[in-house]
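Geometric and topological summary
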Amino acid sequence: MEENLSSVFKAIGNPTRRKILDILKEAPKTTGELNDFFPDVTRYAIMKHLNILEEGNLVLVRREGKYRRNYLNAVPIQEVHNRWVGKYMESTANSLLNLRSKVENNEGKYTMTTNNNVFRIEQEIFMNAPREKVFKALTEKVEDWWEFRLAPEGKTSHFTFDPIPGGRFIEKWGKNEGAIWGNVYYVNAPEEIRLYGHLGMQGAVNSSYTYRLIEKEDGTLLQLSHSASGVIQENWEQDHKKGWEYLLGTLLKNYVENE
């Protein structure tokens, strides 16, 4: 445990590494994308910083072909919180208190596995509809078919989706009540739109999802990529996989093909 804490403190002791964590908090990034945030820092230096963050278990890495995608892992920071602050602020730390039983081995050290901390969902759905129509249904018309809700039982909610950089996919059920399902950080309409958002997951989780629309002779191929990292509960990957299949493969497909 002491060795793990030393790695964490070493990792966050540098302002560049802290800035990297701030960037990854918003969304996962490739090493090249991170390097663009630091014009005065060499790519080699950024890679060294990432290696130190990875040693401290603050960054999780997934290989995607020739690219390396980096994800924030907030668990070690929560461990620091629990050790020195948690007993005084127990109510704010309860969401992660059960983590120890899942990540400690017989020697009391972290034994994180990829399945426990990262999941990635890839799906393809063909729709017999023009690409522009599918893109509009995914964004501006989402209220017409998106069935899942975060609103408390008994309250009626409505969706809005502004498909511009900085736009938000929001569910509202009162004047000042609601939830953000996604924040838009990239748009190339009607070909692609990328968002980050919890999608119903709670706690120390980073989640991002992308819609890519490929024109076909007789319709549109919708490609979904959804990645999540952090404190991932065992059932979340399967639940989200089934949820996406239902939302896109049934509800959206029926909407754009039969509207």
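Per-chain numbering applies: the sequence of each chain, read as written, is numbered from 1 onward. Restriction of local features to residues with pLDDT of at least 70 applies here, the model being predicted, together with a cutoff of 80 or more for giving and counting side-chain atom pairs; totals for whole chains, interfaces and linings are based on all residues. Computation of side-chain values: all heavy atoms of the structure, hydrogens and water removed.

Next up on the list: the overall build of the protein chain. The helix and strand labels rest on DSSP assignments: H or I over at least four residues marks a helix, E over at least two residues marks a strand, and numbering proceeds from the N terminus. Counting its secondary structure elements, the protein chain contains 10 helices and 10 strands. Per-residue burial for the protein chain yields a buried fraction of 44% across its 259 residues. Residue contacts follow a heavy-atom distance rule, with two residues in contact if any of their heavy atoms lie within 4.5 Å. In the protein chain, the proportion of contacts linking residues at least 24 apart, taken out of those at least 6 apart, comes to 53%. Accessible surface area values rest on a Shrake-Rupley calculation with a 1.4 Å probe, where residue burial reflects the displayed protein chains alone. Entry remark: accessible area of the protein chain is about 14,200 Å², with carbon and sulfur atoms responsible for 46%. Relative accessibility decides the category of a residue: with a 1.4 Å probe and only protein chains considered, values under 20% of the type maximum give buried, values over 50% give exposed, and everything between is partly exposed.

Within the fold, Val 205 resides in strand S9 (residues 205–216). As for Val 205 and Val 231, which are separated by 26 residues in sequence, their C-alpha atoms are 5.8 Å apart. Excluding anything up to four places from it in sequence, Val 205 contacts His 198, Ala 228, Ser 229, Val 231, Ile 232 and Trp 236.

The pairing criterion is simple: DSSP has to find at least two bridges between the two strands. Strand direction decides the pairing type here: strand S1 (residues 29–30) and strand S3 (residues 67–72), joined by two bridges, are antiparallel. Residue Thr 30 lies in a different strand from S3, and its bridge partner there is Arg 69. Note that strand S2 (residues 59–64) and S3 share six bridges and pair antiparallel. Counted as the bridge partner of Val 61 is Asn 70 from S3. Connecting S2 to the antiparallel partner S3 that follows it, the hairpin turn spans two residues, and Gly 65 within it adopts a positive phi of roughly 65 degrees.

Attention now goes to the packing of helix H2 (residues 15–26) against helix H4 (residues 43–55). Helix packing geometry: the angle between the two helix axes and the distance between the axes. The angle between two axes is taken between their N-to-C directions and runs from 0 to 180 degrees, where each axis is a line fitted to C-alpha atoms and a helix contributes only its stretch in contact. Direction vectors running N to C along H2 and H4 enclose 75 degrees, while the axes themselves pass 10 Å from each other. The angle between H2 and H4 places the two elements in the roughly perpendicular class. Contacts from Thr 16, Arg 17, Ile 20 and Leu 21 of H2 reach H4 at Ile 46, His 49, Leu 50, Ile 52 and Leu 53. In terms of residue class, the contact of H2 with H4 is made up of six nonpolar, two polar and one charged. An angle counts as roughly parallel when it lies under 35 degrees, as roughly antiparallel when it exceeds 145, as roughly perpendicular when it falls between 65 and 115, and as oblique in every other case. Under the convention adopted here, Pro, Cys and the residues Ala, Val, Leu, Ile, Met, Phe, Trp and Tyr are nonpolar, Asp, Glu, Lys and Arg are charged, and Gly plus all remaining residues are polar.

This part is about the pattern of salt bridges. Here, a salt bridge means any Lys or Arg side-chain nitrogen found within 4 Å of an Asp or Glu carboxyl oxygen. For the structure shown, the criterion picks out nine salt bridges. A salt bridge links Arg 68 to Glu 54; the shortest N-O distance between them is 3.4 Å. Separated by 14 residues along the polypeptide, Arg 68 in strand S3 and Glu 54 in helix H4 bring together distant segments of the chain. For Arg 68, a relative accessible area of 13% gives the class buried.

Confidence in the prediction of the protein chain, expressed as mean pLDDT, is 84, and 85% of residues score 70 or more. As a per-residue quantity, pLDDT reports the predictor's confidence and falls between 0 and 100. Confidence drops under pLDDT 50 across residues 86–101; counting only partners more than four residues distant or on other chains, this segment forms 15 contacts. Residue range residues 103–116 is modelled with pLDDT below 50. Its contacts to residues more than four positions away, or to other chains, number 20 contacts.

Core analysis: the biggest nonpolar cluster contains 37 residues, and Trp 145, Trp 146, Tyr 211 and Leu 248 have the highest contact counts within it. Elements with a minimum of two residues in this core: strand S4 (118–127), helix H9 (131–138), strand S5 (158–161), strand S7 (177–188), strand S8 (192–196), S9, strand S10 (219–230) and helix H10 (236–258). Broken down by element, the residue count for this core peaks at eight residues, all from H10. Residues Leu 5, Leu 21, Phe 38 and Leu 72 belong to the second largest nonpolar core, which totals 17 residues. Only buried residues count toward a nonpolar core, which is a set of Ala, Val, Leu, Ile, Met, Phe, Trp, Tyr and Cys residues joined through side-chain atoms within 4.5 Å.

The next subject is the sheet that holds S5. Pairing is antiparallel across the open sheet formed by seven strands, whose spatial order is S4-S10-S9-S8-S7-S6-S5. Lying at the two open borders of the sheet, with one neighbouring strand each, are S4 and S5. Within the sheet, the average angular offset between the axes of one strand and its neighbour, ignoring direction, is 20 degrees. Bridge count between S9 and S10: 12 bridges; the pairing is antiparallel. Pairing of Leu 213 across the sheet is with Leu 222, part of S10.

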